[in-house]
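Now for the letters of each chain:
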There are 2 protein chains.
Amino acid sequence: MTHNTLGIVAGGGDLPRSVAESARAAGRSVFVLALMGLADDWVKEFPHEVVSLGELGKAFRALKEHGCNEMLLLGRVDRPRFADIKLDAKGVLAAPRVMAAALKGDDALLRSLVDMFENAGHRVVSVTDAAPGLIVREGVLGRVQPTPEQGADVSHGFAVVRAMGALDIGQAAVVCEGLVLAVEAAEGTDAMIKRVINLREVVRGKPGKPRGVLVKAPKPIQDRKTDLPVIGVETVRNVAASYLAGIAVEADGALILDRTRVVQAADAAGIFVMGAARANA
Amino acid sequence: MTHNTLGIVAGGGDLPRSVAESARAAGRSVFVLALMGLADDWVKEFPHEVVSLGELGKAFRALKEHGCNEMLLLGRVDRPRFADIKLDAKGVLAAPRVMAAALKGDDALLRSLVDMFENAGHRVVSVTDAAPGLIVREGVLGRVQPTPEQGADVSHGFAVVRAMGALDIGQAAVVCEGLVLAVEAAEGTDAMIKRVINLREVVRGKPGKPRGVLVKAPKPIQDRKTDLPVIGVETVRNVAASYLAGIAVEADGALILDRTRVVQAADAAGIFVMGAARANA
C-alpha cells in the first residue's frame, strides 16, 4: 500500500473516470470510492470500494486504509432523495448540516462535503492538481476560428453565465447575435443545447449556416475543487445538432474529456472550440 | 370621428385583443393597426387597418386619420426576418436604427419603436392607463394561499428574474425549494414551464404533490409601455401540468388576461396566484 494514493469519491458521469485514468496515466496510484447507484462499472478497473451516500464514517476509513493522502470529489451527485440514503454514525451527525446546505443549491452541498472531508484531516485537491491534462487552456483548440461577431457573442455569453452563476443557477448559456437563446438551470447543459433547435429558425442556425455559441464558465461562488464545467464529444455532437457555430469555455476554468476526439469531432463539424482568458471571458 | 381614440398597434398573441376589449368595455373608442401576419382575425371586430412591419409612414398616417390621441404597441413581434419587411419611405429612414436596436434585444427594439412614434408626435401610453383592469394588484387572487416555504421560493424567484432581466434575457423562472429549475430565455414562458416535467422527479412536483413556483416580473430595463409580463388561463394550465404549486407576478408589473377564468382554473387546480409587492418581490 502506497501513501501517495489519490482518492476519488466518484459520482455519476464521465468525469471521475477521465480524472482517474488521467492521474493513473501520469503515474499516480488511484483509489476510487464509488457512490452507490451513481458511479458506473468503470470503477472495477481501479482499486475501489462502494459506499452509500451518508456512509461518511466508512468513506473516511476507506480513504485512510488505502493511504489516500489527497482526494477529490467528482461527478454528478443528483440531489439525493434523503429518505433513500443509508446513514452510518458519522453520516447521522453530518446529515443536518448537509441537508441544510443541499437546500441552498448544489454548490453549497459540494462545499459542505469538501469541508467535512477536510475537517476529518483529508487533503482535498483540485482537478487542476490531480489531472492537469484535462484543463482547457487559453486559445483555439481545433482548426476552426471564431469570427469577430461570434467573439462578441462569446463575450456576451460570459456576462450572462457569470450573472447566472452568482445566483447558483447554472454554468452555461447559448447566445446568437446578441440574443440569449437559452440559459441552463436544473436541466443540465446537454438538454439546454438541444432545445435551441425548437426555437424559431430566424433566431438560430440551420443546416449549412451555423449560428450562435455555447458558453460555459464556472460559477463565481463555485468551489473549483469540485465542480468545474466539462465539455466532451457529446457536447460537440449536441452543439452541431443545434446548428451552433462554436463552444467557448473559460481558460483554466473548464475540463475537456477525450481532448483528441473532441477536436476531431469539432473540426469535422466545422465548430470552433476555445478557451477564453478570464479577462476577456 | 372622435379625437379621443385609443390606437393599438397590434402584434401577435392574446394581449392586444384583451386590451382593446377592456378599453372598449370602459367606454373608450378603439382603432387597431394590425401588423400583417401577426395580429389575428379578432381585429375585424374593431375599426382597423393592416400594415406591414416597416410601413411606418402608413402607420403614422392611419393613427392620425383615426384621431388617435393616445396609442399603444402591444403583442408579440417575433424578431422579424428583415428581408420580408415591406418598407415605405419613413420605414426606410428608420430601418437602420430599428435594426441596430433589434440586435441588442427585444426591449431595445420596442424602446426604439416607442421613440419613433413619440418623435412623430404620438402619445404612447401604458397598458396601466389604457386598460387598468388587466393589471395584477398586490395580494392573492384565488382561494389558494402560498405556504411560507413557497413564499421563500417566490422571493428567490424574483431575485433570479431581476438578474435575468437586467441582462435582457427573460422575465420568468421556476424555483422549487431553493433550487432554480428553469430560466426563460428565447423559448418563452410556456415552453419553460413545460420542460420542468422532464426534470428528475426528486427536484420537482408530481401528481398529488405540487412543488415549486413560477415567478414573472418585468425586466428592470423594460419599457412598461410595451411589454409587461402576462399570465392567462394557458399559464395556469401549464403550471398545473408541470405540478407546480403556484404563480407569483410583481404587483402592478404584470397583466392578467381573462381574470375570472384564470382564478377559476387556479382554484380548481389548487394553484395559488398572487401579486407580490415590489418591495417584497
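### So, the overall build of chain A
Working step 1: Regarding its fold elements, chain A presents nine helices and twelve strands.
Working step 2: Taken across its 281 residues, chain A has 56% of its residues classed as buried.
Working step 3: For chain A, the proportion of contacts with a sequence separation of at least 24, taken over those separated by at least 6, is 73%.
Working step 4: Accessible area of chain A: about 11,600 Å², with a carbon and sulfur share of 52%.

### Details of the confidence of the model for chain A
Working step 1: For chain A, the average pLDDT comes to 88, and 89% of its residues sit at 70 or higher.
Working step 2: Of all secondary-structure elements in chain A, the lowest mean pLDDT belongs to helix α3 (residues 89-103) of chain A, at 70, while strand β8 (residues 213-216) of chain A reaches the highest, 98.

### Some words on the pairing of strand β1 (residues 5-10) of chain B
Residue and element names in this part refer to chain B.
Working step 1: By the criterion of burial, β1 is predominantly enclosed, with six of the six residues buried.
Working step 2: With burial as the criterion, each face of β1 is covered, one bearing Thr5, Gly7 and Val9 and the other bearing Leu6, Ile8 and Ala10.
Working step 3: In this structure, β1 lies alongside strand β2 (residues 29-35), joined through six bridges in parallel fashion. For Leu6, the partnering residue across the bridge sits in β2 and is Val30.
Working step 4: On the question of chirality, the crossover connecting β1 to the parallel β2 by way of helix α1 (residues 15-25) is right-handed.

### Digging into the nonpolar core
Working step 1: Counting residues in hydrophobic clusters, the biggest one holds 37 residues, and the most contacted among them are Met164, Ile169 and Val183 of chain A together with Ile169 and Val183 of chain B.
Working step 2: Considering each element in turn, this core owes the most residues, six residues, to helix α6 (residues 148-166) of chain A.
Working step 3: Discounting chain neighbours no more than four positions away, the residues touching Ile169 of chain A are Met164, Glu184, Ala185 and Lys219 of chain A together with Val160, Met164, Val180 and Val183 of chain B.

### With respect to the pairing of strand β7 (residues 179-183) of chain B
Working step 1: Within β7 of chain B, five of the five residues are buried, which leaves it mostly tucked inside the rest of the structure.
Working step 2: Turn length for the strand β6 (residues 172-176) of chain B-β7 of chain B hairpin, with the two strands adjacent in sequence and antiparallel, is two residues, and the turn residue Glu177 of chain B shows positive phi of about 50 degrees.

### Regarding unusual backbone geometry
Working step 1: In the Ramachandran plot, Asp252 of chain A falls in the positive-phi region, its phi being about 65 degrees despite a non-glycine side chain.
Working step 2: Looking at the element boundaries, Asp252 of chain A is found in the loop between β10 (246-250) and β11 (255-256).
Working step 3: With phi around 55 degrees, Tyr243 of chain B is a residue other than glycine that occupies positive phi space.
Working step 4: Summarising the element assignment, Tyr243 of chain B is placed in the loop between α8 (233-241) and β10 (246-250).
Working step 5: For Tyr243 of chain B, a relative accessible area of 26% translates into the label partly exposed.

### Things to note about the packing of α8 of chain B against helix α9 (residues 259-269) of chain B
Residues and elements named next belong to chain B.
Working step 1: The contact between α8 and α9 brings their axes to 8 Å, and the two run at 15 degrees. Considering their axes alone, α8 and α9 lie roughly parallel with respect to each other. Where α8 crosses over α9, the two elements pack in a sense that is right-handed. Side by side, α8 and α9 meet where Val233, Val236, Arg237 and Ala240 of the first sit next to Arg261, Val262, Ala265, Ala266 and Ala269 of the second.
Working step 2: Across the contact of α8 with α9, the residue classes break down as seven nonpolar, no polar and two charged.

### Some words on the sheet that holds strand β8 (residues 213-216) of chain B
Residues and elements named next belong to chain B.
Working step 1: Spatial strand order, β5-β12-β10-β8-β6-β7: six strands in an open sheet with mixed pairing. The outermost strands of the open sheet, each flanked by one partner alone, are β5 (139-140) and β7.
Working step 2: In the sheet, β5 pairs with strand β12 (residues 272-276) via two bridges, with the strands oriented antiparallel. Looking at β12, one finds that Val140 is bridged to Met274.
Working step 3: Against the sheet, helix α6 (residues 148-166) engages β6, β7, β8, β10 and β12, with an angle of about 40 degrees to β8.

### Notes on the packing of aromatic side chains
Working step 1: In the structure shown here, the tally under the stated rule is four aromatic pairs over all chains.
Working step 2: Summarising the aromatic geometry, the rings of Trp42 of chain A and Phe46 of chain A are spaced 5.8 Å apart at their centres and angled 80 degrees between planes, so their arrangement reads as edge-to-face. Per residue, the accessibility class of Trp42 of chain A equals that of Phe46 of chain A, and both read buried.
Working step 3: Both rings, one in Phe60 of chain B and one in Phe117 of chain B, keep their centres 5.2 Å apart while their planes meet at 85 degrees; by these two values the pair is edge-to-face. Here the residue Phe60 of chain B occupies a position in helix α2 (residues 56-65), and Phe117 of chain B occupies one in helix α4 (residues 106-119), the gap between them amounting to 57 residues. Each member of the pair, Phe60 of chain B together with Phe117 of chain B, is buried.
Working step 4: The ring of Phe46 of chain A has Arg24 of chain A lying over it, and the distance from NZ or CZ to the ring centre is 4.0 Å.

### Focus on the sheet that holds strand β6 (residues 172-176) of chain A
Residue and element names in this part refer to chain A.
Working step 1: Strand order in the open sheet formed by six strands is β5-β12-β10-β8-β6-β7, with mixed pairing between adjacent strands. Each edge of the sheet is formed by a strand with only one pairing partner; in this case those strands are β5 (139-140) and β7 (179-183).
Working step 2: Strand direction decides the pairing type here: β6 and β7, joined by four bridges, are antiparallel. Bridging from a neighbouring strand, Cys176 pairs with Leu179 of β7.
Working step 3: Packed onto the sheet, helix α8 (residues 233-241) meets β8 and β10 and runs at close to 135 degrees relative to β10.

### So, the pattern of salt bridges
Working step 1: If you walk through the whole model with that rule in mind, you get 28 salt bridges over all chains.
Working step 2: Note that Glu70 of chain B and Arg28 of chain B form a salt bridge whose closest N and O atoms lie 2.8 Å from each other. Here Glu70 of chain B, found in strand β4 (residues 68-74), pairs with Arg28 of chain B, found in the loop between α1 and β2; they are 42 residues apart in sequence, far enough to count as distant. Take Glu70 of chain B and Arg28 of chain B: they sit in the same class, and that class is buried.
Working step 3: What you see here is one network of salt bridges that share partners, running through Arg17, Glu21 and Glu45 of chain A.

### Digging into helix α1 (residues 15-25) of chain A
Working step 1: Listed as buried for α1 of chain A are Leu15, Pro16, Ser18, Val19, Ala20 and Ala23 of chain A.
Working step 2: Where α1 of chain A is buried, its residues contact β1 (5-10), β2 (29-35), β4 (68-74), α5 (127-130), β9 (230-231) and β11 of chain A.

What counts as what
- Residues numbered from 1 in each chain as written.
- Chains lettered and ligands numbered in written order.
- Predicted model: local features only at pLDDT ≥ 70, side-chain atom pairs only at ≥ 80, totals over all residues.
- Heavy atoms only, no water.
- Helix = DSSP H or I, 4+ residues; strand = E, 2+ residues; numbered from the N terminus.
- Buried < 20%, exposed > 50% of the residue type's maximum accessible area, 1.4 Å probe, protein only.
- Contact = heavy atoms within 4.5 Å.
- Areas by Shrake-Rupley, 256 points an atom, 1.4 Å probe, with all protein chains shown as cover.
- pLDDT = per-residue confidence, 0-100.
- Pairing = 2+ DSSP bridges.
- Right-handed = clockwise from strand over helix to strand, strands pointing away.
- Core = buried A, V, L, I, M, F, W, Y, C linked by side-chain atoms within 4.5 Å.
- Axes fitted to C-alpha atoms, helices over the stretch in contact; angles between N-to-C directions.
- Parallel < 35°, antiparallel > 145°, perpendicular 65-115°, else oblique.
- Left-handed = near helix turned anticlockwise from the far one by under 90°.
- Nonpolar A, V, L, I, M, F, W, Y, C, P; charged D, E, K, R; others polar.
- Phe/Tyr/Trp six-rings, centres within 6.5 Å; stacked < 30°, edge-to-face > 60°.
- Lys NZ or Arg CZ within 6 Å of the ring centre and 35° of its normal.
- Salt bridge = Lys/Arg side-chain N within 4 Å of Asp/Glu carboxyl O.

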